[in-house]
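For reference, the chains in residue letters:
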Amino acid sequence: MKINLVSLSEKRRPADLLLAGAFEGVKSLNLLRSLEPEFARTAEQALKTKRFSGKKGESLSSLSQGVREAAEIYLTGLGAVDKFNRASLAKTIASLIRLARCRKAKRVRLLFESFLGGKIQAAPAAGIFAEAGVLASYTFDKYKTKKEKDDGKFSGPEVLEILVTKKGAEKNLGQNIQEAQIIAEGTLRARNLVNEPGNVINPQTLVAEARKLAREKGLRLTVLGPADLKRLQMGGILGVNQGSKIPPALIILEYGASHKSKGTVCLVGKGVTFDTGGISIKPSNDMEKMKYDKAGACTVIATMGVVRDLKLPLHVVGLAPAVENMPSENPQRPGDIIRMSNGKTVEVINTDAEGRLILGDALAYAAKYKPKAVIDLATLTGMCVYTFSDQAIGLMGNNDSLLAQIKKAGEETGERCWELPLWDEYGEMIKGHHSDLLNTGGKYAGTITAAMFLKEFIPPKTAWAHLDIAGTAWCDKPRADCPQGATGVGVRLLAHLLKNWK
Ligand code: BES
Ligand code: MN
Ligand code: ZN
């Protein structure tokens, strides 16, 4: 999608749809009046007679010929101005883009300032427009033999014009729009990867995707294969993948080695390309969704591309352990005791608690980069879905300032994070009898005990945060900014975090 900033003085041809907003209780529509006086008069009449009052969910539209801006003008209610925030703006714009799609509008024009109010500043708002525009236009239809666009040759809005009426204001907005577009497109890359099924994306084809990205963006790629993993004694990665015919890998993408003096951040993403549970096999209900157990890895891979496109002055290393968790004639067994790369031994109580095993090895490996911070993302526990549904990322870690930065980025992007405690007492629950650790901590506090396990693999004095994205990486029902399926959660969060890195 093309996103253009358009100023009032610019010559422009009529769009297919002009979108504007009105807050609850407004009496006049000055902005609209200067552009489309006739529609504005009608709308103001509607305000007077309470036919339209700017409440959320209300709308007023007209379709006519010979107008200046667009054949159709659509005014949407934004609700109370003091309740309006970034999240409501993002949702509004995303819904309007969906509407534009239904209308088969190719050229969509948004009256920028009509959507500003409350605490929203113009510059971040412009970013939200671009981001919502890109996100809401996403579909995953590569496996449909009859595509939406075959039907009337329409495949969604092509041009999004952000019409800015305040003189000179557009100069400050361009960069935000450009950055938001980079970040949103990175999110789509993550969605595309996660939505791919397990018969297409396996550990080796995920490596190929990482290679494609590395070539496209000029990132350094290192792939540790079975021989390397054995040499490094990565018993977690090897053990989980034991039942698969496809070799495992530890994918490492690196950006900005010349910025090392500014500090290194390691991003680690769980890449279970399919999680059957192994011998501790999952029930068949919903098992098809376990293709999204690679979401952490896909988010990390996609974020590496974003970090490069934003040219951030940081050294960022993305690590993604890639495995397939399968039963077979020679799989990992419950009760197996394995040795992880940091030397700790683990009794595998449940082969379905595999994410922590592969992450343990990857987190220990991250120490090699002497990072200022390590952040892992993983669809780690079903318990996290029970706790937060799809409303928050479960956040845990060992460093308050890092966690605070992540929470802030979560507020900014709408990818909200909520902290859970990692008290020492929880560590008792994963102590082994015949081994150092158990890979499960029983039925209580499952999200926390999983994180306590990961903590055992964090090098001393390293700031670390763990993001359990089990609830947020997938949406069962379509949202305004995302169709049913992978959400690409984490790309926006990490991009904002790293953009404002302190
Ligand atoms: N990938 C799952 C967690 C998961 C479940 C993610 C549902 C998304 C939706 C993970 O590997 C897993 O199976 N965890 C187990 C751990 C348990 C056996 C201790 C779980 O949460 O049930
Ligand atoms: Mn599992
Ligand atoms: Zn899993």
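Residues numbered from 1 in each chain as written. Chains lettered and ligands numbered in written order. Predicted model: local features only at pLDDT ≥ 70, side-chain atom pairs only at ≥ 80, totals over all residues. Heavy atoms only, no water.

1. A few points about the overall build of the chain
For clarity, the threshold we go by: Helix and strand definitions follow DSSP, with helices as H or I runs of at least four residues and strands as E runs of at least two, each counted in order from the N terminus. The globule rule used here is 2.2 Å times the number of residues to the 0.38 power, and the radius of gyration it is set against is calculated over C-alpha atoms. Classification of residues uses two cut-offs on accessible area relative to the type maximum, computed with a 1.4 Å probe and protein chains only: under 20% is buried, over 50% is exposed, and between them is partly exposed.
The secondary structure content of the chain amounts to 15 helices and 20 strands. Computed over C-alpha atoms, the radius of gyration of the chain comes to 25 Å, within 12% of the 23 Å expected from 2.2 N^0.38 for 502 residues, which places it in the range of a compact globule. Dimensions of the chain, computed from C-alpha atoms along their principal axes, come out at roughly 80 × 45 × 45 Å. Taking all 502 residues of the chain together, the buried fraction comes to 57%.

2. Side note on the packing of aromatic side chains
Stated formally: Only the six-membered ring of Trp is used, alongside the rings of Phe and Tyr, when aromatic pairs are assigned; centres must lie within 6.5 Å, and planes under 30 degrees apart are stacked while those over 60 apart are edge-to-face, with the rest tilted. Whether a charge sits over a ring depends on NZ of Lys or CZ of Arg being within 6 Å of the ring centre and within 35 degrees of the ring normal.
Evaluation of the coordinates by the stated rule reveals eight aromatic pairs. Ring centres of tyrosine 365 and tyrosine 369 lie 6.4 Å apart, and the angle between their planes is 70°; on these two criteria the pair is classed as edge-to-face. Residue classification places tyrosine 369 among the buried residues on the basis of a relative accessible area of 16%. An aromatic cluster is defined as three or more aromatic residues linked by ring pairs; in this entry it consists of Phe112, Phe115 and Phe129. Just above the ring of tyrosine 369 sits the side chain of lysine 368; from NZ or CZ to the centre is 5.7 Å.

3. Quick word on the domain arrangement of the chain
By a widely used convention, the size of an interface equals the accessible area lost when the partners come together. Quick note on the threshold: Domain delimitation in this document rests on an assignment produced automatically or drawn from a domain database. Any two residues having at least one pair of non-hydrogen atoms within 4.5 Å are treated as being in contact. Take the accessible area each of two parts loses on contact, using a 1.4 Å probe, and add the two losses: that sum is the buried area. Every case where a carboxyl oxygen of Asp or Glu lies within 4 Å of a side-chain nitrogen of Lys or Arg is listed as a salt bridge. For the purposes of these results, a polar contact is taken to be a pair of N or O atoms within 3.5 Å, where, inside protein, one atom must be able to donate a hydrogen and its partner to accept one; residues adjacent in sequence count only when each atom of the pair is a side-chain atom. Amino acids are sorted into nonpolar (Ala, Val, Leu, Ile, Met, Phe, Trp, Tyr, Cys and Pro), charged (Asp, Glu, Lys and Arg) and polar (every other residue, Gly among them).
Segmentation of the chain into domains returns domain 1 (2-142 + 157-165) and domain 2 (182-499). Averaged C-alpha coordinates put domain 1 and domain 2 at centres separated by 39 Å. Each partner contributes residues to the interface: domain 1 has 13 residues there, and domain 2 has 16 residues. Contact between domain 1 and domain 2 buries roughly 1300 Å² in total, counting both sides, with carbon and sulfur atoms accounting for 63%. The interface formed by domain 1 and domain 2 holds two salt bridges in total. Linking lysine 142 and glutamate 196 is a salt bridge whose minimum nitrogen-to-oxygen distance equals 2.4 Å. Where domain 1 meets domain 2, there are six residue pairs in polar contact (both at pLDDT 80 or more). Per-element accounting of the side of domain 1 that touches domain 2 gives the leading share, five residues, to helix 3 (residues 86-102). Its residues assigned to classes, the side of domain 1 that touches domain 2 shows six nonpolar, two polar and five charged.

4. Examining the site of ligand 1
The test is simple: Here a residue counts as near a molecule or strand whenever at least one of its heavy atoms sits within 4 Å of it. Here the Shrake-Rupley method, with its probe set to 1.4 Å, supplies the accessible areas, and only the displayed protein chains count as covering residues.
Around ligand 1, a shell composed of 16 residues is seen, among which Lys282, Asp293, Asp352, Glu354 and Gly382 lie nearest. Contact distances for ligand 1 include 2.9 Å between an oxygen atom and a side-chain N or O atom of aspartate 275. In the model, a nitrogen atom of ligand 1 is placed 3.3 Å from a nitrogen or oxygen of the threonine 379 main chain. If ligand 1 stood free it would expose 510 Å²; the protein chains cover 78% of that surface.

5. As for the coordination of the zinc ion (ligand 3)
Note the threshold: Distances decide who is a donor: an N, O or S atom must be within 2.8 Å of the metal, or within 3.2 Å for Na, K and Ca. Water is not included, so sites may look incomplete. Only two sets of limits are used to name each site, 85 to 135 degrees for every angle of a tetrahedral four-donor site, and over 155 degrees for opposite donors with all other angles from 65 to 115 for a square planar four-donor or octahedral six-donor site, with any other site named irregular.
Taken together, the protein ligands of the zinc ion (ligand 3) are Lys270 (NZ), Asp275 (OD), Asp293 (OD) and Glu354 (OE), with distances of 2.0 to 2.4 Å. For the zinc ion (ligand 3), the six donor atoms are set out with angles of 78 to 176° between them, so the coordination reads as octahedral. Within one chain, the residues donating to the zinc ion (ligand 3) are spaced in sequence as K-x4-D-x17-D-x60-E. Here the manganese ion (ligand 2) and the zinc ion (ligand 3) are spaced 3.1 Å from one another, each receiving a donor from aspartate 275. Separated by 79 residues along the polypeptide, aspartate 275 in strand 10 (residues 271-275) and glutamate 354 in the loop between strand 13 (345-347) and helix 10 (355-366) bring together distant segments of the chain. The exposure class of aspartate 275 is buried, given its relative accessible area of 2%.

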